Amino acid sequence: MVHFTAEEKAAITGLWSKVNVEQAGGEALGRLLVVYPWTQRFFEGFGNLSSPSAIMGNPKVKAHGKKVLTSLGDAVKNLEDLKGTFAHLSELHCDKLHVDPENFRLLGNVLVIVLAQLFGKELTPQVQAAWQKMMTGVANALVSKYH
Amino acid sequence: MVLTENETAILRALWRKMGDHVGIYTTEALERVFAAFPSTKTYFPHFNLKPGSAQVKAHGKKVAAALTQAVAHLDNVPGALSALSDLHAHRLRVDPVNFQLLAHCLLVTLARHYPGDFSPTMHASLDKFLSHVNSVLVSKYR
């Protein structure tokens, strides 16, 4: 089980309180699809993904990004039990969605980059380190029910 | 992996804009990789790794010089970095996963310092370029 120090929790919750879930979610998911185009394989029903501007403006991408980031909000509230928090989503991603866990790592890193762009000064190396730890924890929790 | 004309133009423009500051950003990327991914410190037992370290700054400058060299020769990165490929294969033998970690931290650094320039297309160009540099660095590993 991952343990977060008081400083790490403060770094995470402090920055999270400033995040616009709709904006950051859409930006992160959009960039995942632009930078790593093979990830589009999971979103064939999303319509026009033919160019970076089409992807970033796509309403289904934005809506799904918001959904993903809202879920991350649950992680922030439950840092001491990420596995329990994501048990159901882990089963879903394995059994129904068939998502390679490598994609959780990719999206986690894209999100940290988006946070750096939005919150430059606040994303010190220590704050980044806390967020990377959480992203790794979330990715591991999402893999935990894979079989 | 081949860079498109557009990606090449974007990278050259960014490097022109960064000018003499590339070393500042690569040093920050190193500080970030040591903080976020402590396993990377195992390659530097002989360094002072505290923030502000002169050794890390000097190493940042070396990394910056190599990346600048690569940007100056985007049509032949393997040729431009051939000596570094040999070095990493036969002497340094840094596990390839670590180049990905450093590349990620460099993207975080550049997104921070150039938020207005860091469009999804810029992000993709940089990621692709750094991925190419990494594969060149490990190309002679075996």
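For the structure, see preceding data.
Computed from a prediction, not measured in an experiment: that's the story for all the values here. (Residues numbered from 1 in each chain as written. Chains lettered and ligands numbered in written order. Predicted model: local features only at pLDDT ≥ 70, side-chain atom pairs only at ≥ 80, totals over all residues. Heavy atoms only, no water.)

It is common to give the size of an interface as the accessible area that goes away when the parts come together. Contacts between the two partners involve 22 residues from chain A and, on the opposite side, 19 residues from chain B. Summing both sides of the interface, chain A and chain B together bury roughly 1,800 Å²; the carbon and sulfur share of this comes to 60%. Counting the contacts that link chain A with chain B gives 0 salt bridges. At the junction of chain A with chain B, the criterion picks out 10 residue pairs in polar contact (both at pLDDT 80 or more). Secondary structure elements with two or more residues in the side of chain A that touches chain B: α2 (21–35), α3 (52–57), α7 (102–118) and α8 (125–143) of chain A. In terms of residue count, the dominant contributor to the side of chain A that touches chain B is α7(A) (7 residues). Of the residues assigned to the side of chain A that touches chain B, the class counts are 12 nonpolar, 6 polar and 4 charged. (Contact = heavy atoms within 4.5 Å. Buried area = accessible area lost by both parts, 1.4 Å probe. Salt bridge = Lys/Arg side-chain N within 4 Å of Asp/Glu carboxyl O. Polar contact = N/O pair within 3.5 Å; in protein donor to acceptor, adjacent residues only side chain to side chain. Helix = DSSP H or I, 4+ residues; strand = E, 2+ residues; numbered from the N terminus. Nonpolar A, V, L, I, M, F, W, Y, C, P; charged D, E, K, R; others polar.)

The terminal C-alpha atoms of helix α1 (residues 5–18) of chain B lie 20 Å apart, and with 14 residues this matches the ideal 20 Å at 1.5 Å per residue to within 8%. Residues of α1(B) that are buried in the fold lie against α2 (22–36), α3 (54–72), α6 (97–113) and α7 (120–137) of chain B. (Expected span 1.5 Å × (residues − 1).)

Residues and elements named next belong to chain B. Counted according to the given criterion, the structure contains 10 salt bridges over all chains. A salt bridge links Glu 28 to Arg 112; the nearest nitrogen and oxygen atoms lie 2.9 Å apart. Here Glu 28 is found in helix α2, whereas its partner Arg 112 is found in helix α6, with 84 residues between them in sequence. In this structure, Glu 28 and Arg 112 share a single accessibility class: buried. Through salt bridges with shared partners, a single ionic network connects Glu 28, Arg 32 and Arg 112. (Buried < 20%, exposed > 50% of the residue type's maximum accessible area, 1.4 Å probe, protein only.)

Residues and elements named next belong to chain A. In the structure shown here, the tally under the stated rule is 8 aromatic pairs over all chains. With centroids separated by 4.9 Å and ring planes inclined at 50°, the aromatic side chains of Phe 43 and Phe 46 adopt a geometry described as tilted. Relative to Tyr 146, the ring of Phe 104 has its centre 6.4 Å away and its plane inclined at 85°; by these criteria the two rings are edge-to-face. Of this pair, Phe 104 sits in helix α7 while Tyr 146 sits in the segment after α8, and the two are 42 residues apart along the sequence. Classification of Tyr 146 by relative accessible area gives partly exposed; the value is 23%. (Phe/Tyr/Trp six-rings, centres within 6.5 Å; stacked < 30°, edge-to-face > 60°.)

On their own, these measurements won't tell you what the molecule is for.
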